[in-house]
2 protein chains.
Amino acid sequence: MASHDPLDVWRRPERSGVGPKPKHSRAAIVAAAIEIADKDGMAAVSIRRVAADIGAGAASLYRHLNSHDELVELMVDTVGGEYDLGPSAEPPRAQLLNLARQGRAIMHRHPWLAPLLLTRPSLGPNSLAYLERALAALVTVDMPGPAKLQTVAMLTAISSAFVQNELAQSAGPGAIDHGNKERLQHLSAAFQSGKYPHLAGALAGHLEQQSPDETFMGVIENYLAGAGLPVSVGFD
Amino acid sequence: MASHDPLDVWRRPERSGVGPKPKHSRAAIVAAAIEIADKDGMAAVSIRRVAADIGAGAASLYRHLNSHDELVELMVDTVGGEYDLGPSAEPPRAQLLNLARQGRAIMHRHPWLAPLLLTRPSLGPNSLAYLERALAALVTVDMPGPAKLQTVAMLTAISSAFVQNELAQSAGPGAIDHGNKERLQHLSAAFQSGKYPHLAGALAGHLEQQSPDETFMGVIENYLAGAGLPVSVGFD
DNA sequence: ATTGATTGCGATCACTGTTCGCAATCAAGT
DNA sequence: ACTTGATTGCGAACAGTGATCGCAATCAAT
């Protein structure tokens, strides 16, 4: 009977009057799942692992969720609640820049988040609140509604892409040095073939690159400018 | 003995003189995997399924691959060979724009590709050739090497993000209408709560949006301009 | 002809998401 | 007070996954 669409989590009531008091709650399950994902990665978030961590049987989770996908949906929306969406009198561009900065911070706190933001159009309450807030920032901008939606969508898309790039390069403190050495070794071997002169040249350049924070803000600012949000808009 | 780093596929020779003639080749395996992914999605690309499709036992694939991850790496690099990397006399910005357009086309041909481009820094021959070609386009641009790498990386990252957004919205011809109706129904229900006035307003706007192609080129062009590649560079 | 590396692969292991059926529980209806 | 019925927890099971092991078959080099 239960719908298999991962979207109706948001409509379904968590529990209805009759029956024994539930030992576990949807919130507890999601919290445990997020903790696992933060620590051991998204692949470690299995039904059995989550159940074990909250002291439940594996099958019990299916009294609160309809699928593993639904759990992911809940995870995404839950961390979406970490945004500070308070109102602001700043110009639209500054507001969106601030949202993007927060988004990057959240994705750094939860490294499993970034890829998920691109694939699924999350429609949970927190995600909708974020969307609403971003659109509110654009209320003074003269732009058709769908274009505003497009702009906001690309904002989070670019942020996600940037952070994924960041995370893929650092990838962690421990075993990654080894991995990177393998990589560099492979690359230098490729270079000795002489088939990649420009690549070799680009890597040879000094690594005096600016901080990732500045780079990120630059990328976002640049996108917003091109999207019709220059530094100063209208009369402010 | 075999290294578990999915990167050394590129160093390992496919076969060495002694032993029975292999019935299956790495290329055939990867081709089958790509065909499966194109038709039934990435999730359908299991070792057993690929093996069955080329008439092999499941365990046999591990004579040619060290892991499922390695197969994915090979898939990504193989479709990377679909780029036309011929030289060009156009200005840098036009060349990169052309590469981005090709990239989007490839990601549309292989809908499983876009997410993978963000997570892994593929270092196969085709991926390296692409990188080399993109850097060659930037050879006349005055910019430190690492910054050029950053630019190219963000170029494919933004393209991937854009295409993922596209694919998530269309998602297919058949059962998606139903899914979208569910979505819109959910959304309209959320709107009746009155908590999302701006969102409601944005969706109410006429959907006379420009074609995705134009939108895409606009986004890319805009990024390149901000990255230091205006319409005309230097003396051309 | 013998050696030894290499291939194909059936069987198996440790997992995964998910379903089923049953016992325990508790609110509501009589 | 007691029955009814929905609801929860969960052990067992199923189909599927990636990966490993050991063995027979094969073929180049000696």
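Residues numbered from 1 in each chain as written. Chains lettered and ligands numbered in written order. Predicted model: local features only at pLDDT ≥ 70, side-chain atom pairs only at ≥ 80, totals over all residues. Heavy atoms only, no water.

Looking at an unreviewed UniProt entry, chain A carries the name TetR family transcriptional regulator, with the source organism given as Paeniglutamicibacter gangotriensis Lz1y.

Caption draft 1: Main features of the protein's contact with DNA strand C. DNA strand C sits among 29 residues. The nearest are Arg48 and His68 of chain A together with Lys23, Ala59 and Arg63 of chain B. Taking all atoms of DNA strand C within 4 Å of the protein, the share assigned to sugar and phosphate is 51%. Within the backbone of Ile47 of chain A, a nitrogen or oxygen atom sits 2.8 Å from a phosphate oxygen of DNA strand C. In the environment of DNA strand C, a base oxygen lies 2.7 Å from a nitrogen or oxygen atom belonging to the side chain of Arg63 of chain B. Taken together, the residues of the surface near DNA strand C sort by class into 10 nonpolar, 12 polar and seven charged. (Near = heavy atom within 4 Å. Polar contact = N/O pair within 3.5 Å; in protein donor to acceptor, adjacent residues only side chain to side chain. Nonpolar A, V, L, I, M, F, W, Y, C, P; charged D, E, K, R; others polar.)

Caption draft 2: Quick peek at the UniProt feature "DNA-binding region" (unreviewed entry) in chain A. Sequence positions flagged by UniProt for "DNA-binding region" (unreviewed entry) are, in local numbering, residues 46-65 of chain A. For residues 46-65 of chain A, the end-to-end C-alpha separation is 13 Å, with 35% helix and 0% strand making up the annotated structure. (UniProt positions renumbered as here; feature names shortened; annotations may be inferred. Helix = DSSP H or I, 4+ residues; strand = E, 2+ residues; numbered from the N terminus.)

Caption draft 3: Examining the protein's contact with DNA strand D more closely. Around DNA strand D lies a shell of 28 residues, among which Lys23, Ala59 and Arg63 of chain A together with Arg48 and His68 of chain B are the nearest. Between DNA strand D and Lys23 of chain A there is a distance of 2.5 Å, counted from a phosphate oxygen to a backbone nitrogen or oxygen. Here a phosphate oxygen of DNA strand D sits 3.2 Å away from a polar atom, N or O, in the main chain of His24 of chain A. In terms of residue class, the surface near DNA strand D is made up of 10 nonpolar, 12 polar and six charged.

Caption draft 4: Spatial organisation of the packing of helix H9 (residues 197-204) of chain A against helix H6 (residues 125-137) of chain B. Packing of H9 of chain A against H6 of chain B brings their axes to within 8 Å, and their N-to-C directions diverge by 75°. On the basis of their axis angle, the class for H9 of chain A and H6 of chain B is roughly perpendicular. Contact residues: H9 of chain A offers Pro197, His198, Leu199 and Ala202 of chain A, while H6 of chain B offers Leu128, Leu131, Glu132, Leu135 and Ala136 of chain B. Its residues assigned to classes, the contact of H9 of chain A with H6 of chain B shows seven nonpolar, one polar and one charged. (Axes fitted to C-alpha atoms, helices over the stretch in contact; angles between N-to-C directions. Parallel < 35°, antiparallel > 145°, perpendicular 65-115°, else oblique. Contact = heavy atoms within 4.5 Å.)

Caption draft 5: Representation of helix H1 (residues 26-40) of chain B. Residue and element names in this part refer to chain B. Taking 1.5 Å of rise per residue, 15 residues should cover 21 Å, and H1 covers 21 Å from first to last C-alpha, within 8% of that figure. Burial in H1 covers these residues: Arg26, Ile29, Val30, Ala32, Ala33, Ile34, Ile36 and Ala37. Here the buried face of H1 lies against helix H2 (47-53) and helix H3 (68-79). Trailing H1 by a residue or two, Gly41 shows a phi angle of about 90°, which is positive. (Expected span 1.5 Å × (residues − 1). Buried < 20%, exposed > 50% of the residue type's maximum accessible area, 1.4 Å probe, protein only.)

Caption draft 6: Representation of helix H4 (residues 92-109) of chain A within the structure. The end-to-end C-alpha distance of H4 of chain A is 26 Å, a good match for the 26 Å that 18 residues give at a rise of 1.5 Å each. Buried within H4 of chain A are the following residues: Pro92, Arg93, Gln95, Leu96, Leu97, Leu99, Ala100, Gln102, Gly103, Arg104, Ile106 and Met107 of chain A.

Caption draft 7: Broad picture of the side chain of His110 of chain B. Residue and element names in this part refer to chain B. Mapped onto the fold, His110 is located in the loop between helix H4 (92-109) and helix H5 (113-119). For His110, a relative accessible area of 5% corresponds to the buried category. Look past the residues within four positions of His110 in its chain and what remains in contact with it is Ile34, Asp38, Val79 and Glu82.

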